[in-house]
Amino acid sequence: ALSTSLDIGLSNWSFLYVTVSLYTMTKSSAIIFILLFSLLFKLEEVRVALLLVVLLIAGGLFMFTYKSTQFNAQGFMLVLCASFLGGIRWTLTQILMQKAELGLQNPIDIMFHLQPLMFLGLFPLFAVFEGLPLSVSEKLFRFHEAGTLFSLVGKLFLGGILAFGLGFSEFLLVSRTSSLTLSIAGIFKEICILFLATHLLGDRLSLLNWLGFAVCLSGISLHVILKAMNSKGEKALKLHKEASSDPDLELLLRHTEHGE
C-alpha cells in the first residue's frame, strides 16, 4: 500500500515539472524494475525472449519520445523513483493476489484492504505540501461561487470513478496473468497518451519517433505471441498429466488407439 501510494503520488507530482513525453519515456523504465523484482521473487524465469521483449519496448519508447521532451532533473528523479516503487508495487501485488490461501483474488477484496492504507501513506505528504494552499483556495474551501465549487467537485468525482475503474482492471489483470504482462499492456495506454498530447499540444513526430513506435509495437506483439504459445503448451501438459494420472482414462485411450 505504501509503494502504491508513493508511486501514484510521485507520478502526479512530477507533472508540475515535466512534459507528458518525458514522463512517459521515464515511466516506461518501470518494466525493467518489474522484471528485476519478478526475477528476485522468482515469479518469472530468465529467458532470452523475455529480455528481448523488454529491450524492444523500452528502446522503442525512448525512440518514440526522443527530442520531444524538455528535461527537468527534479521531475525526472520523481518519475524514476515512482517507476522503482511501481516495480515493487506490482510484484508484491502479484504475490498477494495469486496466493489462494490469502483469499485476495477478487480485485474488490484487494482494493478494500489497500485503499485505506494508501490514504494513510499519502496523507502526510498532502498535509505538508498541499494542506494549507488547499484550505485557503477560493476554488474549494473559500469559494465565492457555488458553480465553481460544484464544477471542481464534479471533476474530482469523475476522476475518482476513472481511477477506481483503472485500479479494478489492473488488479483483475494481475490476478489472472502477471505484473509484467500488466506493465506491457499498459504501454498501449502510454502510447495513446503520447498521441493525444501530440494532437492537443501540436507536437510533431519525426521519422525516428515513428520508428520507435513500430519497435515498441513489435515488442508488445512478441510478448502476446509468446504468452499464447506458453498458454497452449501449459494446457497440453496439464491434459497429459491428467490422462496419465487416471488409469481408466489411460486404458480407454490405449483401447481406442488399438481399435484404430
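Here the structure is a predicted model, which is why all the values come from computation and not from measurement. (Residues numbered from 1 in each chain as written. Predicted model: local features only at pLDDT ≥ 70, side-chain atom pairs only at ≥ 80, totals over all residues. Heavy atoms only, no water.)

1. Points about the packing of aromatic side chains
Then comes step 1: Using the criterion set out here, one finds seven aromatic pairs in the structure.
Then comes step 2: Ring geometry for Phe-37 versus Phe-84: centroids 5.6 Å apart, planes at 65°, classification edge-to-face. A residue pair is termed long-range when its members are at least 10 positions apart, and Phe-37 in helix 3 (residues 30-40) and Phe-84 in helix 5 (residues 73-97) qualify at 47 residues.
Then comes step 3: Ring geometry for Trp-90 and Phe-171: centres 5.7 Å apart, planes at 55°, overall tilted. In this pair, Trp-90 sits in helix 5 while Phe-171 sits in helix 8 (residues 146-176), placing the two residues 81 residues apart along the sequence.
Then comes step 4: For Phe-171, a relative accessible area of 4% corresponds to the buried category. (Phe/Tyr/Trp six-rings, centres within 6.5 Å; stacked < 30°, edge-to-face > 60°. Helix = DSSP H or I, 4+ residues; strand = E, 2+ residues; numbered from the N terminus. Buried < 20%, exposed > 50% of the residue type's maximum accessible area, 1.4 Å probe, protein only.)

2. Section: a nonpolar patch on the surface
Then comes step 1: On the surface, a nonpolar cluster with roughly 510 Å² of combined accessible area is contributed by Leu-117, Phe-119, Leu-120, Phe-123 and Phe-126.
Then comes step 2: Its relative accessible area of 41% is what places Phe-123 among the partly exposed residues. (Patch = residues over 30% accessible without salt bridge, like charges linked within 9 Å, V, L, I, M, F, W, Y side chains within 5 Å. Areas by Shrake-Rupley, 256 points an atom, 1.4 Å probe, with all protein chains shown as cover. Salt bridge = Lys/Arg side-chain N within 4 Å of Asp/Glu carboxyl O.)

3. Description of the UniProt feature "transmembrane region" (unreviewed entry) in the protein
Then comes step 1: Per the UniProt record, "transmembrane region" (unreviewed entry) is found at residues 20-41, 48-66, 72-92, 112-129, 149-168, 180-201 and 207-226.
Then comes step 2: Here residues 72-92 runs as 95% helix and 0% strand, with 30 Å between its end C-alpha atoms.
Then comes step 3: With 100% helix and 0% strand, residues 149-168 has end C-alpha atoms that lie 28 Å from one another. (UniProt positions renumbered as here; feature names shortened; annotations may be inferred.)

4. Side note on the pattern of salt bridges
Then comes step 1: The full count for this structure, using the stated rule, is two salt bridges.
Then comes step 2: Close ionic contact of Arg-89 with Asp-7 constitutes a salt bridge, the shortest N to O distance being 2.9 Å. Within this pair, whereas Arg-89 is found in helix 5, its partner Asp-7 is found in helix 1 (residues 2-14), the two being separated by 82 residues in sequence.
Then comes step 3: Taking the relative accessible area as the measure of exposure, Arg-89 reaches 10% and is therefore buried.
Then comes step 4: With a relative accessible area of 4%, Asp-7 lands in the buried category.
Then comes step 5: Notably, a salt bridge pairs Glu-170 with Arg-89, separated by 3.9 Å at the nearest N-O pair. Here Glu-170, found in helix 8, pairs with Arg-89, found in helix 5; they are 81 residues apart in sequence, far enough to count as distant. Of the two residues, Glu-170 and Arg-89, neither departs from the other in class, the shared state being buried.

5. Observations regarding helix 1
Then comes step 1: For helix 1, which comprises 13 residues, the first-to-last C-alpha distance of 18 Å matches the rise-based estimate of 18 Å (1.5 Å per residue) to within 8%.
Then comes step 2: Within helix 1, the full set of buried residues consists of Ser-3, Thr-4, Ser-5, Asp-7, Leu-10, Ser-11 and Ser-14.
Then comes step 3: On its buried face, helix 1 sits against helix 2 (20-27), helix 5 and helix 6 (107-129). (Expected span 1.5 Å × (residues − 1). Contact = heavy atoms within 4.5 Å.)

6. As for the packing of helix 3 against helix 5
Then comes step 1: Taken N-terminus to C-terminus, the directions of helix 3 and helix 5 make an angle of 40°; their axes are 8 Å apart at the nearest point. Our classification of the angle between helix 3 and helix 5 gives oblique. Crossing of helix 3 against helix 5: the hand is right-handed. Judged by residue contacts, Ala-30, Phe-33, Ile-34, Phe-37 and Ser-38 of helix 3 engage Leu-80, Ser-83, Phe-84, Gly-86, Gly-87, Ile-88, Trp-90 and Thr-91 from helix 5.
Then comes step 2: Across the contact of helix 3 with helix 5, the residue classes break down as eight nonpolar, five polar and no charged. (Axes fitted to C-alpha atoms, helices over the stretch in contact; angles between N-to-C directions. Parallel < 35°, antiparallel > 145°, perpendicular 65-115°, else oblique. Left-handed = near helix turned anticlockwise from the far one by under 90°. Nonpolar A, V, L, I, M, F, W, Y, C, P; charged D, E, K, R; others polar.)

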